[in-house]
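Results of the structural survey
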Amino acid sequence: MKMNFSAKTIGFTVTGIFILFYVVGVYWSLGVEPIDVEHEVTIAATADNVAPVVGYATTTTLIKVASTILDKPGGYISNDALPPGILLDNMPAWEFGVLQMVRDMALVLRKDFSRSQSQSLENKHITKAQPMFNIDNKSWAMPSAESEYRKAIDSLYDYRNALVGISKVKNDTAQFYARADNLTAYFDEVQKRLGSYSQRLSASVGKDKINTDLAGDNVAKQSSAEATHSQLRTSWWQLDDVFYESRGAAWALLHFLKAIEIDFDSVLKKKNAKISLQQIIRELETSQHTLWSPMVLNGDGFGVLANHSLVMANYISRANAALIDLNELLRKG
């Protein structure tokens, strides 16, 4: 049977495919709804038929946040090799921001939260889960990023089961230590992450930077010499990626802080620091307001157009400054 394809048929087909990809891409790029941390903890505890213990909220939130990047509309897009996923960049950037915070939490959970002292043994479930989150986020085969993240989440479930004593493995126990020094260790990691995002966002308009790398120590040295002044500016092509990566990191962090508010309740109350944590959460929530513009605008300073990167930098910088103050309070209060 001979088939004839006219130019009009081919044109309509190509146009139809383009429109389909566009609609699917827009749907996949829609913002992800916030997680009700207390509700999710209650649901999980009810399903397991257990009473939440210290660490249950943080572990549950880590599981839920990590699962979100896999189970949201379109699934995990960062490693897609076919359209429309491969044509998108905002949602993959958002996913990477979330993943960065997941990696930080998993690392601190392995090094600090699940261990009593520096000489104590690491928990076997966290030791298994944490490296799996570090696979290249764009790996799509042998193994794929999704498969490794799923395995990591399964290990987190095992750790949570051991926390509440419902592990299927005999003598499988786990601990979560809600101490001020453990919490400051986590905040130390977060401060560095937020500081980096703040600098990258602020560089959207370009700025002169004086080299302060060795400031405060007149005998300090570094491996190679650098210019005393430099011009920092985020590439125009990367502006939206930096914006959405920062937005994803802020989204994940505000949920982790809500979980910390539950698990570290006694520590925060003792230091009279709970209100400080709640203010940080408020700052991060403002970073999740709807972006009404169809694209990330990059106006210059006090120019006519808005600069969404600077607005996001403001929210993240305020949260980071408050986090630094809170960390000092936990150490000295």
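Residues numbered from 1 in each chain as written. Predicted model: local features only at pLDDT ≥ 70, side-chain atom pairs only at ≥ 80, totals over all residues. Heavy atoms only, no water.

**Some words on the nonpolar core**
Where we set the bar: Joining through side-chain atoms within 4.5 Å is the link that ties buried Ala, Val, Leu, Ile, Met, Phe, Trp, Tyr and Cys residues into a set, and such a set is a nonpolar core. Each residue's exposure class comes from its accessible area (1.4 Å probe, protein chains only) as a fraction of the maximum for that residue type: buried when under 20%, exposed when over 50%, partly exposed otherwise. Here, two residues are considered to be in contact whenever any of their heavy atoms come within 4.5 Å of each other.
Among the nonpolar cores identified, the biggest contains 74 residues, and Phe 133, Tyr 186, Phe 187, Phe 256, Leu 257 and Ile 260 are the most heavily contacted of them. Aside from chain neighbours lying at most four places away, what touches Ile 260 is Thr 58, Met 105, Leu 183, Tyr 186, Phe 187, Asp 265, Leu 268 and Leu 277. Judged by nonpolar contacts, the second largest core, of 9 residues, contains Val 41, Val 50, Tyr 56 and Ala 57.

**A word on helix 2 (residues 37–48)**
The test is simple: Helix and strand labels come from DSSP, where a helix needs a run of H or I of at least four residues and a strand needs a run of E of at least two; each type is numbered from the N terminus. In a helix, the anticipated span is given by 1.5 Å times the number of residues less one. When we speak of the arc, we mean the arc of directions from the helix axis to the C-beta atoms.
If you check helix 2, its first and last C-alpha atoms are 16 Å apart, about what 12 residues at 1.5 Å a residue would give, namely 16 Å. Of the residues making up helix 2, those classed as buried are Val 37, Val 41, Ala 44 and Ala 45. Here the buried residues of helix 2 occupy an arc of 95 degrees about the axis, which is enough to place them on one side. The exposed set on the far side of helix 2, more than 90 degrees from its buried face, consists of Thr 46 and Ala 47. Where helix 2 is buried, its residues contact helix 3 (56–71), helix 6 (145–163) and helix 8 (239–263).

**As for the packing of helix 3 against helix 8**
Defined as follows: A fitted line through C-alpha atoms represents every axis, and for helices the fit uses only the stretch in contact; the resulting angles, taken between N-to-C directions, go from 0 to 180 degrees. An angle counts as roughly parallel when it lies under 35 degrees, as roughly antiparallel when it exceeds 145, as roughly perpendicular when it falls between 65 and 115, and as oblique in every other case. By convention, the crossing between two helices is left-handed when the near helix turns anticlockwise from the far helix through less than a right angle, and right-handed when the turn is clockwise. Residue polarity follows a fixed list, in which Ala, Val, Leu, Ile, Met, Phe, Trp, Tyr, Cys and Pro are nonpolar, Asp, Glu, Lys and Arg are charged, and the others, Gly among them, are polar.
Following both chains from N to C, one finds helix 3 and helix 8 inclined at 165 degrees, their axes separated by 8 Å at the closest point. Here helix 3 lies roughly antiparallel to helix 8, going by the angle between them. The way helix 3 lies across helix 8 gives a crossing that is right-handed. On the side of helix 3, the interface is formed by Tyr 56, Ala 57, Thr 58, Thr 61, Leu 62, Val 65 and Thr 68, while helix 8 contributes Trp 251, Ala 252, His 255, Phe 256, Ala 259, Ile 260, Ile 262 and Asp 263. Each residue belonging to the contact of helix 3 with helix 8 can be placed in one class, and the counts come to 10 nonpolar, 4 polar and 1 charged.

**Notes on the packing of aromatic side chains**
For any pair of aromatic rings, the description consists of the separation of the ring centres together with the inter-plane angle of the planes. Applied cut-off: Note on aromatic contacts: the rings of Phe and Tyr and the six-membered ring of Trp form a pair at centre separations within 6.5 Å, being stacked when their planes are under 30 degrees apart, edge-to-face when over 60 apart, and tilted otherwise.
Tallying each qualifying case throughout the model produces 9 aromatic pairs. On the basis of an interplanar angle of 85 degrees and a centroid distance of 5.7 Å, the ring pair of Tyr 76 and Tyr 149 is categorised as edge-to-face. On the criterion of sequence distance, the pair formed by Tyr 76 in the loop between helix 3 and helix 4 (90–113) and Tyr 149 in helix 6 is long-range, its members being 73 residues apart. Across this residue pair, the class does not change: Tyr 76 and Tyr 149 are buried. Each ring, one from Phe 113 and one from Phe 176, has its centre 5.1 Å from the other, and the planes form 40 degrees; the classification is tilted. Here Phe 176 lies in the loop between helix 6 and helix 7 (180–202) and Phe 113 lies in helix 4, a separation of 63 residues in the sequence.

**Things to note about the packing of helix 2 against helix 3**
Remark: helix 2 packs on helix 3, axes separated minimally by 9 Å, with the N-to-C direction vectors making an angle of 100 degrees. By the angle between their directions, the pair helix 2 and helix 3 is classed as roughly perpendicular. On helix 3, the residues that touch Val 37, Glu 40, Val 41, Ala 44, Ala 45 and Asp 48 of helix 2 are Tyr 56, Ala 57, Thr 60, Thr 61 and Lys 64. When its residues are assigned to classes, the contact of helix 2 with helix 3 shows 6 nonpolar, 2 polar and 3 charged.

**Quick look at the pattern of salt bridges**
Note the cut-off: We define a salt bridge as a contact between a side-chain nitrogen of Lys or Arg and a carboxyl oxygen of Asp or Glu at a distance within 4 Å.
Counting across every chain of the model gives 14 salt bridges. Here the salt bridges share partners, and the residues they tie into one network are Asp 265, Lys 269 and Lys 274.

**Observations regarding helix 5 (residues 124–132)**
Formally: For this analysis, a polar contact is any N or O atom pair within 3.5 Å, provided that within protein one partner can donate a hydrogen and the other can accept it, and provided that sequence-adjacent residues contribute only side-chain to side-chain pairs.
Taken together, the buried positions of helix 5 are occupied by His 125, Ile 126, Ala 129, Gln 130 and Met 132. Within helix 5, the buried residues cover an arc of 160 degrees as seen down the axis, which keeps them to one side. Turning to helix 5, the residues buried within the fold contact helix 4 and helix 6. Put simply, Asn 123 is the residue that caps the front of helix 5, since its side-chain oxygen is 2.9 Å from the backbone nitrogen of His 125.

**Side note on the layout of surface pockets**
Cut-off, in case you're wondering: Cavity and pocket criteria rest on a 1 Å grid covering protein atoms alone: a 1.4 Å probe that fits but cannot get out defines a cavity, protein on both sides within 12 Å along at least 5 of 7 lines defines an open pocket, and an atom within 4 Å of a point defines a lining residue. Grid points are joined across faces, edges and corners, and a volume is the space filled by probe spheres set on the points.
Of the voids in this model, the largest pocket is the one considered here, and its volume is about 1300 Å³. Looking at the largest pocket, it is lined by 37 residues, and the ones nearest its centre are Ser 29, Leu 30, Asn 90, Tyr 244 and Pro 294. Elements with a minimum of two residues in the lining of the largest pocket: helix 1 (7–28), helix 4 and helix 8. When its residues are assigned to classes, the lining of the largest pocket shows 23 nonpolar, 8 polar and 6 charged. Volume-wise, the second largest pocket comes out at about 260 Å³. Taken together, 14 residues line the second largest pocket, and the ones lying closest to its centre are Asp 89, Pro 92, Ala 93, Asn 137 and Lys 138. Ranked by the residues each element gives to the lining of the second largest pocket, the list is headed by helix 4, at 3 residues. A class-by-class count of the residues in the lining of the second largest pocket yields 6 nonpolar, 3 polar and 5 charged.

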